[in-house]
Amino acid sequence: TKESYDYLWGSLRINAPGYSEQDPFTLSRSYHSIAYLAINTLSTQAAMADVDLYEQDSDDAKARIPLSVQEDCHYLFHHPNEEESISDIVEQVCLQYSLTGTALIWAPRDLSDPNATPTELYVIPTASVIPQPISPLYPRGAYLVQPWYPAGPYAQIPSSMGVGSMVPAEQIIRIKKPHPFFRWIGYSPLFAISTQVDAAKQIDISRMNAFTRGIDPSAILSFDPTVSRPDEAQIRRLEAQIQAIWAGPQNAGRIVVAPAGATLSSFGNRPIDMAYQEGWAQLLDFT
């Protein structure tokens, strides 16, 4: 019917914000370990990019004319707000985009004037917004921006405002990776490879527990009972002396002289057994 046709058409044209199966807060907290190294590199490189604006030449479609510094758009991109530069904005966009698949740029303007031109730009963390449906007050939907911590501009909120601030969706610029089903939200790479990321995390936890909880002596001191029978105090004193003199990387390669009637057997910590060469190459590749 025409009604269903118009409904679908209108929905696609508005593309109001909505939810997906992803949890943006969990994705945002994944900014560590391997994900940090990759995303921080991308964000840092993005911040180093030069941002220039051009206008089209009416006589030559391929010509690029630098935009005049008198234009509002030029000023907006070179002075997005009082605290940040365009490099800061680009870096934050890349961070949110890489973590959650969606980056939200708020271009605030006068609500009473539908033709008002934005004069500032801010990146809103994707995890701090709650999509709001279409309503008479917000015909294109809205975003409820909620703080996670009572700090910064949210340190003191009048009780009449409640928690958070409502921002009309038309003031939000969405940059998103295409989602295979939902048009209104981006598809996070970390969500797509979450099984592999979780497996790598569990491997790292297993290795860490093996280091911190495992019992792995590198040498054993044996006594010939016919020569020496040390008591508990002597054993503990010898243990402390051996560790102080021969333990640690700074004492590697020193000669061990065992007490009379004792034999020091070393095992498991030789460079050939510790895979120094392979381990070093792995660390370099990881970094």
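Scroll up for the structure.
This report concerns the structure included in the present document. (Residues numbered from 1 in each chain as written. Predicted model: local features only at pLDDT ≥ 70, side-chain atom pairs only at ≥ 80, totals over all residues. Heavy atoms only, no water.)

## A closer look at the layout of surface pockets
Note the following rule: Each cavity reported here is a set of points on a 1 Å grid over the protein atoms alone in which a 1.4 Å probe fits but cannot get out, each pocket an open set with protein on both sides within 12 Å along at least five of seven lines, and each lining residue one with an atom within 4 Å of a point. Grid points are joined across faces, edges and corners, and a volume is the space filled by probe spheres set on the points. The secondary structure listing takes helices from DSSP runs of H or I that are at least 4 residues long and strands from runs of E that are at least 2 residues long, numbered from the N terminus. Think of it as three bins: nonpolar holds Ala, Val, Leu, Ile, Met, Phe, Trp, Tyr, Cys and Pro, charged holds Asp, Glu, Lys and Arg, and polar takes everything else, Gly as well.
By volume, the second largest pocket is sized at about 650 Å³. The wall of the second largest pocket is formed by 26 residues, among which S30, A35, L190, S194 and V197 lie closest to the centre. Of all elements in the fold, only helix 2 (24–28), helix 3 (33–47), helix 5 (86–100), helix 6 (189–192) and helix 7 (194–213) reach the threshold of two or more residues within the lining of the second largest pocket. Among the elements that take part in the lining of the second largest pocket, helix 7 stands out by supplying seven residues, more than any other. Split by residue class, the lining of the second largest pocket holds 13 nonpolar, seven polar and six charged.

## Some details on the packing of helix 3 against helix 5
Note the cut-off: Note on geometry: axes are C-alpha line fits, over the in-contact stretch for helices, and angles between N-to-C directions span 0 to 180 degrees. Roughly parallel means an angle under 35 degrees; roughly antiparallel, over 145; roughly perpendicular, 65 to 115; everything else is oblique. Put simply, a crossing is left-handed when the front helix is turned counterclockwise from the back one by less than a right angle, and right-handed when it is turned clockwise. Any two residues having at least one pair of non-hydrogen atoms within 4.5 Å are treated as being in contact.
Here helix 3 crosses helix 5 at 150°, and the two axes come no closer than 8 Å. Classified by the interaxial angle, the pair formed by helix 3 and helix 5 is roughly antiparallel. The two elements helix 3 and helix 5 meet at a crossing, and its hand is right-handed. Judged by residue contacts, I39, L42, S43, T44, A46 and A47 of helix 3 engage S87, V90, E91, C94, L95, S98 and L99 from helix 5. Looking at side-chain class alone, the contact of helix 3 with helix 5 contains eight nonpolar, four polar and one charged residues.

## Some thoughts on the packing of aromatic side chains
Each aromatic ring pair is described using two quantities: the centre-to-centre distance and the angle formed by the ring planes. Worth spelling out the cut-off: Geometry of aromatic contacts follows a simple scheme: Phe, Tyr and Trp rings, the Trp one being its six-membered ring, pair when their centres are within 6.5 Å, and the pair is stacked under 30 degrees between planes, edge-to-face over 60, tilted otherwise. Each residue is placed in one exposure class: buried if its accessible area under a 1.4 Å probe, protein chains only, is under 20% of its type's maximum, exposed if it is over 50%, and partly exposed if it falls in between. By the criterion adopted, a ring carries a charge over it if an Arg CZ or a Lys NZ lies within 6 Å of its centre and within 35 degrees of its normal.
For the structure shown, the criterion picks out six aromatic pairs. Ring centres of F181 and F182 lie 5.0 Å apart, and the angle between their planes is 80°; on these two criteria the pair is classed as edge-to-face. Aromatic side chains Y187 and F191 sit 6.1 Å apart centroid to centroid with 75° between the ring planes, which places their arrangement in the edge-to-face category. Assessed through its relative accessible area of 24%, Y187 is described here as partly exposed. Its relative accessible area of 27% is what places F191 among the partly exposed residues. Members of the aromatic cluster, each reached through a chain of ring pairs, are F181, F182 and W184. Directly above the ring of W9 sits R13, whose terminal nitrogen or CZ lies 5.5 Å from the centroid. In this structure, R64 packs its charged tip against the face of Y54, placed 4.1 Å from the ring centre.

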